[in-house]
Amino acid sequence: MYNIYPKVKEQLHNDGYFTLKEVNLFCEKNKNVFIDLQKILKVNEVSLEKANLKYLENNKLDDQEYEIKINPESIEVYAKTEVGMYYATKTLIQLFKDESIRCGYIKDKPDLRVRGFMHDISRNKVPKLETLKYIVDIMSDLKMNHFELYVEGFSFEYKSFEQYLEKESYISVEEYKELEKYCFDHYIDLVPNQNGLGHMEQWLSKDEFKE
């Protein structure tokens, strides 16, 4: 059995191998599949008849579910949605580390519809945008789909209170929007997490807010 992470629900091996020489891809529904596969190997986009890696629609599967059928001549991926196809690709990328892939069948779907991570960017430890994108890359490989940036104090660019912002101690509105798009492209929801009255020390220490 292949050591796929996160561990898949079903995995069966059959006789024979699919040899990874030239990947001819057919996928009408999700262009991110092509972009991700191109990062690790040469992929050609072709018609269904010429493809040896085929992404096909199966409306009987759940939204985040996928199936992979590996035969000596081709690999077929089945999913209902773009998300399912994307998660199947994350699994295939692990298999494509070997030049020959054992024939068989893989089926998987998450136990939880929302699988998230909250990152505290306050208390003088605001990460750079490239670091946040790196976290999104890892989350994407782990098939997570919910990301929160916990904000308190002045770690976000509040346009109405720019006089209290310190250089490199906050995430800007533009950076947040760029991160939001990056998350969207990786099928992850970027969810704001703005602390309310619990941790307002930095705000209340300002004369403007003491009353």
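Use the structure listed above.
Residues numbered from 1 in each chain as written. Predicted model: local features only at pLDDT ≥ 70, side-chain atom pairs only at ≥ 80, totals over all residues. Heavy atoms only, no water.

A. Geometry of the environment of Leu 53. When you line up the elements, Leu 53 lands in strand E4 (residues 53–57). Note: C-alpha distance between Leu 53 and Val 126 (73 residues apart in sequence) is 42 Å. Excluding its chain neighbours within four sequence positions, the residues that come into contact with Leu 53 are Val 23, Asn 24, Leu 25, Phe 26, Leu 37, Ile 75, Val 77, Leu 92 and Phe 96. (Helix = DSSP H or I, 4+ residues; strand = E, 2+ residues; numbered from the N terminus. Contact = heavy atoms within 4.5 Å.)

B. Examining the sheet that holds strand E6 (residues 75–79) more closely. An order of E1-E7-E5-E6-E4-E2-E3 is seen for the seven strands of this open sheet, with the pairing classed as mixed. Edge strands, defined here as strands with exactly one partner in the open sheet, are strand E1 (10–19) and strand E3 (43–45). The sheet shows a mean angle of 25° between the axes of neighbouring strands, direction not considered. Two elements, E1 and strand E7 (residues 100–108), share seven bridges in a ladder whose sense is antiparallel. If you follow Gln 11 over to E7, its bridge partner there is Ile 106. Where helix H1 (residues 31–38) meets the sheet, it contacts strand E2 (23–26), E3 and E4, and its direction lies at approximately 155° from that of E3. Across the sheet, helix H2 (residues 82–95) is in contact with E4, strand E5 (66–70), E6 and E7; its angle to E5 comes to roughly 40°. (Pairing = 2+ DSSP bridges. Axes fitted to C-alpha atoms, helices over the stretch in contact; angles between N-to-C directions.)

C. Layout of the pairing of E2. Alternating residues of E2 divide into Val 23 and Leu 25 and Asn 24 and Phe 26, and every residue in both groups is buried. One ladder, built from three bridges, connects E2 with E3; its direction is parallel. If you follow Leu 25 over to E3, its bridge partner there is Glu 45. Between the parallel pair E2 and E3, the chain is carried across by H1, and the sense of this crossover is right-handed. (Buried < 20%, exposed > 50% of the residue type's maximum accessible area, 1.4 Å probe, protein only. Right-handed = clockwise from strand over helix to strand, strands pointing away.)

D. Here's a closer look at the nonpolar core. Judged by nonpolar contacts, the single largest core of 32 residues is most densely connected at Leu 53, Tyr 55, Ile 68, Ile 75, Leu 92 and Phe 96. Of all the elements in the fold, those that place two or more residues in this core are E2, H1, E4, E5, E6, H2 and E7. By residue number, the principal contributor to this core is H2, which donates seven residues. Sequence-distant contacts of Leu 92, defined by excluding residues within four places in its chain, comprise Leu 53, Tyr 55, Ile 68, Ile 75 and Val 77. Among the nonpolar cores identified, the runner-up in size contains 22 residues, and Val 126, Leu 132, Tyr 158 and Trp 203 belong to it. (Core = buried A, V, L, I, M, F, W, Y, C linked by side-chain atoms within 4.5 Å.)

E. Layout of helix H4 (residues 173–185). Taking 1.5 Å of rise per residue, the 13 residues of H4 would be expected to cover 18 Å, and the 19 Å separating its terminal C-alpha atoms lies within 8% of that figure. Of the positions making up H4, those classed as buried are Val 173, Tyr 176, Leu 179 and Cys 183. In a view along the axis of H4, the buried residues occupy a sector of 120°, so they form one face of it. Exposed and facing more than 90 degrees away from the buried side of H4 are Glu 174, Lys 177 and Lys 181. Of the surrounding elements, those touching the buried residues of H4 are helix H3 (129–141), strand E9 (146–151) and strand E10 (189–194). In the segment just after H4, Tyr 187 is the residue with positive phi, at about 60°. (Expected span 1.5 Å × (residues − 1). Arc of directions from axis to C-beta.)

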